[in-house]
Amino acid sequence: MTRFAIFVSALIAVAGSAAARDLTVRSGEHDGYTRLVVQVPPDTGWVLKQTKNGARLNVALEGAIFETGSVFQRLTKNRLATISQLDPGGALELEFGCDCVASAFLFKRTMIVVDIAPGTFLPPLTSDISAPVLPKAPKEDKALEPDQTFDKLALPLLTLNANGFEDQLSMRLLQGVDRGIVDLDIAPTGPRASTYDQSLIIPSEVERNVQVTSILDDLNGLLGPDIPQVERRPPCVSSAELAFDEWTDDRSFSEQIAQLRSGLFQEFDTIDKTHALQLAKLYAYSGFGAEAKTALELLGEHTAEVERIAAVGHVLDNGPLTGANPFSDLQRCDSDAALWAVLSEGHLHSDANLTAIEQTFVRLPDHLRRHVGPPLSEILVDGEELEAARRVLRSVDRVKTQTSASVTQAKAKVSSAEGDAPQTDALLTEVIESSDATLEAPLALARLVDKRWIERGAIAPQEIDLAESYTVEFRRAEIGPMMQRTHAVALSLGHEFDAALDLIAKLPEDTESAETLNRVVYILTERADDATFLRRILSMPSEQTLNLTTDAAIAVATRLAELGFPRQAIALAKRPQDRVRRGERARLRAKAALLDQHPHQAMLELADDSTGAAVALRAEALVVVGDYTKAGALMRASDRIDEANRLFWLADQSTEANLEHGAKYSQVVEATKRLVTPQPRVPDKPLADAEKLLQDSVEARHEIAELFKVLQLN
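Residues numbered from 1 in each chain as written. Predicted model: local features only at pLDDT ≥ 70, side-chain atom pairs only at ≥ 80, totals over all residues. Heavy atoms only, no water.

1. Structural notes on the overall build of the chain
Just so we agree on the cut-off: Only DSSP runs of H or I covering at least 4 residues are called helices, and only runs of E covering at least 2 are called strands; the numbering of each starts at the N terminus. Contact between two residues is taken to exist if any of their heavy atoms lie within 4.5 Å; hydrogens are not considered. Working definition of accessibility: Shrake-Rupley area with a 1.4 Å probe, residue cover restricted to the visible protein chains.
When helices and strands are tallied, the chain shows 29 helices and eleven strands. Within the chain, residue pairs in contact and separated by at least 24 positions form 54% of the contacts whose partners lie at least 6 positions apart. For the chain, the exposed surface amounts to about 40800 Å²; the carbon and sulfur share of it is 54%.

2. Details of the pattern of salt bridges
Using the following cut-off: Whenever a carboxyl oxygen of Asp or Glu lies within 4 Å of a side-chain nitrogen of Lys or Arg, that contact is scored as a salt bridge. Each residue's exposure class comes from its accessible area (1.4 Å probe, protein chains only) as a fraction of the maximum for that residue type: buried when under 20%, exposed when over 50%, partly exposed otherwise.
Within this structure, the stated rule accounts for 27 salt bridges. In this structure, Asp 366 engages Arg 369 in a salt bridge whose closest nitrogen and oxygen atoms are separated by 3.1 Å. You can see Asp 366 and its partner Arg 369 sitting in helix α10 (residues 366-382), three residues apart, about one turn around the helix. For Asp 366, a relative accessible area of 38% corresponds to the partly exposed category. For Arg 369, a relative accessible area of 11% puts it in the buried group. Where salt bridges share partners, they join Asp 498, Asp 502, Arg 535 and Arg 536 into one cluster.

3. Examining the state of the cysteines
The test is simple: Criterion for a disulfide: a pair of cysteine sulfur atoms within 2.5 Å.
Considering all chains together, one arrives at two disulfides under this definition. Sulfur-sulfur distance for the disulfide between Cys 98 and Cys 100 comes to 1.7 Å. Residues Cys 98 and Cys 100 share a disulfide whose torsion about the S-S bond is about -90°; that sign makes it left-handed. Here Cys 98 falls in the buried class, since its relative accessible area comes to 15%. Here Cys 236 pairs with Cys 333 through a disulfide, and the sulfurs are 2.1 Å apart. Classification of the bridge connecting Cys 236 and Cys 333 rests on its S-S torsion, roughly -90°, and on that basis the disulfide is left-handed. Taken together, the residues Cys 236 in the loop between β11 (210-214) and α3 (239-242) and Cys 333 in the loop between α7 (304-318) and α8 (337-345) connect sequence positions 97 residues apart. Cysteine pairing for the chain, with bonded cysteines counted in sequence order: 1-2, 3-4.

4. Some words on the sheet that holds strand β6 (residues 80-84)
Paired through backbone hydrogen bonds, the strands of a sheet run either parallel or antiparallel to each other. Formally: Following DSSP output, two strands are said to pair if at least two bridges run between them. Simply put, an axis is a line fit to the C-alpha atoms, just over the touching stretch for a helix, and the angle between two N-to-C directions goes from 0 to 180 degrees.
Spatial ordering of the open sheet is given by β3-β4-β7-β6, a layout of four strands whose pairing is antiparallel. A single partner strand is all that each edge strand has here, and the edge strands are β3 (46-51) and β6. Each strand of the sheet is rotated relative to its neighbour by a mean of 15°, with strand direction disregarded. Across four bridges, β6 lies against strand β7 (residues 92-96) in antiparallel orientation. Residue pairing across strands places Ser 84 opposite Glu 93, the latter belonging to β7.

5. What about unusual backbone geometry?
Its identity is not glycine, yet Glu 384 carries a phi of approximately 60°, on the positive side. Among the secondary structure elements, Glu 384 is positioned in the loop between α10 and α11 (386-399). The phi torsion at Arg 456 lies on the positive side, around 55°, for a residue other than glycine.

6. A closer look at the sheet that holds strand β9 (residues 111-118)
Reading across from one edge, β5-β1-β2-β9-β8 is the order of the five strands in this open sheet, with mixed pairing throughout. Two strands lie at the open edges of the sheet, namely β5 (65-67) and β8 (100-107), each paired on one side alone. Strand-to-strand twist across the sheet, computed as the mean angle between neighbouring axes with direction ignored, equals 25°. Of the strand pairs in this sheet, strand β2 (residues 33-39) and β9 are connected by six bridges, and their pairing is antiparallel. Bridge pairing in β9 links Gln 39 to Met 111.

7. Focus on the environment of Arg 79
Operational definition: As used in this structure description, the phrase polar contact means that two N or O atoms lie within 3.5 Å; if the pair is within protein, one of them must be able to donate a hydrogen and the other to accept it, and residues adjacent in sequence are counted only when both atoms belong to side chains.
Structurally, the position occupied by Arg 79 is in the loop between β5 and β6. Taking the C-alpha atoms as reference points, Arg 79 and Asp 99, 20 residues apart in sequence, are found 8.3 Å from one another. Apart from the residues within four sequence positions on either side, Arg 79 is in contact with Glu 29, His 30, Gly 32, Tyr 33, Thr 34, Glu 95, Phe 96, Gly 97, Cys 98, Cys 100, Ile 116 and Pro 118. Within the structure, Arg 79 has its side chain in polar contact with the side chain of Glu 29 (distance 2.8 Å).

8. Regarding α8
Judged by how many residues are buried, α8 sits mostly within the fold: nine of nine residues are covered. Three or more residues of α8 are buried, namely Ala 337, Ala 338, Leu 339, Trp 340, Ala 341, Val 342, Leu 343, Ser 344 and Glu 345. In this structure, the buried residues of α8 make contact with α3, α7, α9 (354-363) and α10.

9. With respect to the nonpolar core
Cut-off, in case you're wondering: Nonpolar cores were defined as sets of buried Ala, Val, Leu, Ile, Met, Phe, Trp, Tyr and Cys residues, with membership established by side-chain atoms within 4.5 Å.
Within the largest apolar cluster, 52 residues are counted, with the highest numbers of intra-cluster contacts made by Phe 244, Phe 327, Trp 340 and Leu 376. Elements that contribute at least two residues to this core include exactly α4 (253-262), α5 (273-286), α6 (289-299), α7, α8, α9, α10 and α11. Among all residues touching Phe 244, those that are not within four sequence positions of it are Tyr 285, Val 312, Trp 340, Leu 364 and Leu 368. Within the second largest apolar cluster, 46 residues are counted, among which are Val 449, Ile 504, Val 521 and Ala 552.

10. Re the environment of Ser 103
By secondary structure assignment, the location of Ser 103 is in strand β8. Note on Ser 103: relative accessible area 38%, which makes it partly exposed. Taking the C-alpha atoms as reference points, Ser 103 and Val 114, eleven residues apart in sequence, are found 5.7 Å from one another. Residues contacting Ser 103, with those up to four places away along its chain left out, are Leu 48, Gln 50, Val 113, Val 114 and Asp 115.

11. Comments concerning the packing of helix α16 (residues 480-493) against helix α18 (residues 511-527)
Basically, it comes down to this: Any angle from 65 to 115 degrees is called roughly perpendicular, while one under 35 is roughly parallel, one over 145 is roughly antiparallel, and all others are oblique. All residues other than Ala, Val, Leu, Ile, Met, Phe, Trp, Tyr, Cys, Pro, Asp, Glu, Lys and Arg, Gly among them, are scored as polar; the first ten of these are nonpolar and the last four charged.
Packing of α16 against α18 leaves a shortest axis separation of 9 Å and a crossing angle of 5°. Judged by the angle between their axes, α16 and α18 are roughly parallel. In this structure, α16 contributes Arg 485, Ala 488, Val 489, Ser 492 and Leu 493 to the contact, and α18 contributes Glu 512, Ser 513, Thr 516, Arg 519, Val 520, Ile 523 and Arg 527. When its residues are assigned to classes, the contact of α16 with α18 shows five nonpolar, three polar and four charged.

12. As for the packing of aromatic side chains
The relation between two aromatic rings is expressed through the spacing of the ring centres and the mutual angle of the planes. Quick reminder of the rule: Working definition: rings of Phe, Tyr and Trp (its six-membered ring) pair if their centres are within 6.5 Å, and the pair is stacked with planes under 30 degrees apart, edge-to-face with planes over 60 apart, and tilted otherwise. The rule for a charge over a ring is simple: NZ of Lys or CZ of Arg within 6 Å of the ring centre, and within 35 degrees of the ring normal.
Considering all chains together, one arrives at seven aromatic pairs under this definition. With a centroid separation of 5.1 Å and 40° between ring planes, the pair formed by Phe 244 and Tyr 285 is classed as tilted. Residue Phe 244 is found in the loop between α3 and α4, and its partner Tyr 285 is found in helix α5; the two are separated by 41 residues along the sequence. Judged by its relative accessible area of 4%, Phe 244 falls in the buried class. Their ring planes at 50° and their centres at 5.3 Å tell us that Phe 244 and Trp 340 sit as a pair that is tilted. On the criterion of sequence distance, the pair formed by Phe 244 in the loop between α3 and α4 and Trp 340 in helix α8 is long-range, its members being 96 residues apart. Over the ring of Trp 453 we find Arg 456, and its NZ or CZ is 4.3 Å from the ring centre.

13. Quick notes on the pairing of strand β1 (residues 22-30)
Looking along a regular strand, one sees the side chains alternate between the two faces of the sheet. Here β1 runs beside β5; their pairing, made up of three bridges, is parallel. Directly across from Thr 24, in β5, lies its bridge partner Glu 67. Bridging between β1 and β2 involves six bridges; their strand directions are antiparallel. Looking at the pairing, Ser 27 lines up with Leu 36 of β2. Connecting β1 to the antiparallel partner β2 that follows it, the hairpin turn spans two residues, and Gly 32 within it adopts a positive phi of roughly 100°.

Right under this line is the structure:
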């Protein structure tokens, strides 16, 4: 038992140690800045260092691994371009997509908060300012009386004169700014509107032209549940107030509709508002959204109850609302309103009450569960709640009477989120081939083509033909442009690049069309033969070239440089709109400049780049100008000893070579030294001298043969 206890304790310790080294990185987007939060053990040392267009975060944890997989799922701005960690225990490298700076602070001893905001990084002008020495306050022997006012308090800072107060305050503010814990916003002098009387705590002779804000003012409750929410949120609508279960009774739909319609009009064709309201509720409960909104129009009223009924009707017919929504921000509620809030908003909030949503869904009648179950499961999948999505689909399966294309498509989305590619393909193919599918079939085909593009897979000719037929069939429908884009991507996956790009030229100029262009260009760059690639890229209109993303432009420029078109590659690598991957674009421009016989331009591009690839390109540029010695020194400084030995050998600087590694060019340098070393002569003995020359000649030929063998080795 003792051995077993020791073994279990060791496992627990190892598991705890491993868990402590996995650091989760969360992200959030705010007005004016992007926030990253790294969870660390208490009292962990850390340092944030600014780099060129980025920052580097080091934590004092051996073997720490930053988990960054979900960082970009919540980011909508382009302030953070890339986030990476080269090795376990290494620094977290941040590269910005804007002219930004990063600031950081520790919250609750366990969270490192990094804020990325627009600005220019400037090195500190002074060292850390020591805390000012303040005059000690006189000790008060007697306790303060209850009715004592602020005027009787002994505040040492406020007993100073105006100049002293200004000096001490300035020193404190500068100290806070240097340490990054306060922000200063110096406003012009003048009167300020105030919500309270500051004369009790600020001397009257001090002008109020300084506004000080702390970093704690920007937390806004995003770092944890302990920080109170300060934003104003709408009150929850209770299940009793919504009373969705009371929108119908135990009678059949035909009996209720007949009774309500017969009593809808009173004498002189006056509308009975009670009957009209109940009729709208019955229509909405039964799944007739358009009829419910028509009944509400007879009322001519816009009460909160009417707006909720209209919202439910719109959701049942047209999906999420795009305008005013009476269920907005109610997903957190513990009532039936949470379900309708999710369906009407079309996405899941982080504070959504999943229990209330699922319980309300289960209480819906069978026909509504079959109708709203698939879109609800897709919303849950997008919100990374896969188990909840599975429960919703299982509930739909229990009440469905036949196979539904919408349910199958929702199952395909769940399988895709789980990473089950074969099951996803099978389900999407089932939707496409389903006889009852109307809009589900083209949408399933679009999703299938999107999946094939992400996986860089192939596509069958019949799927391309089907995409073309859907493009013609739905050309005047709302999904017409989407089917055109799907057809273009499908053509590129089928290696029909000319047809794909010609189809893209006919699409309207919008964001979706630009994304489709980038997808087709990616496949063109990866799969097209050289002639097709050059013909389509070099003849591409300038407006399409401007619509390429930075990643697509780099991919195209890289292949252009490999094919010997340096000027076109440089043009794509130095577009003014590209703000990310600057180092890679600079190296690409340097490589193209070398191809274009401009080595000095290449070295200028690589001036601030210390990566291994940049060192190799810089050495190549030095070789072009004939400076083999400096090129070898660069290679030696980057621990590429054999390449450095080769350059020193070419420069006839064998003494600079490092012969300890025994690699290829170490042997070459040694053989060269033996060949150039003069052999001793015997001038006073001609015959012996001649024999020695013949022997040296044989040895030299042997050394030369061995040297050629070494040079021919890969």
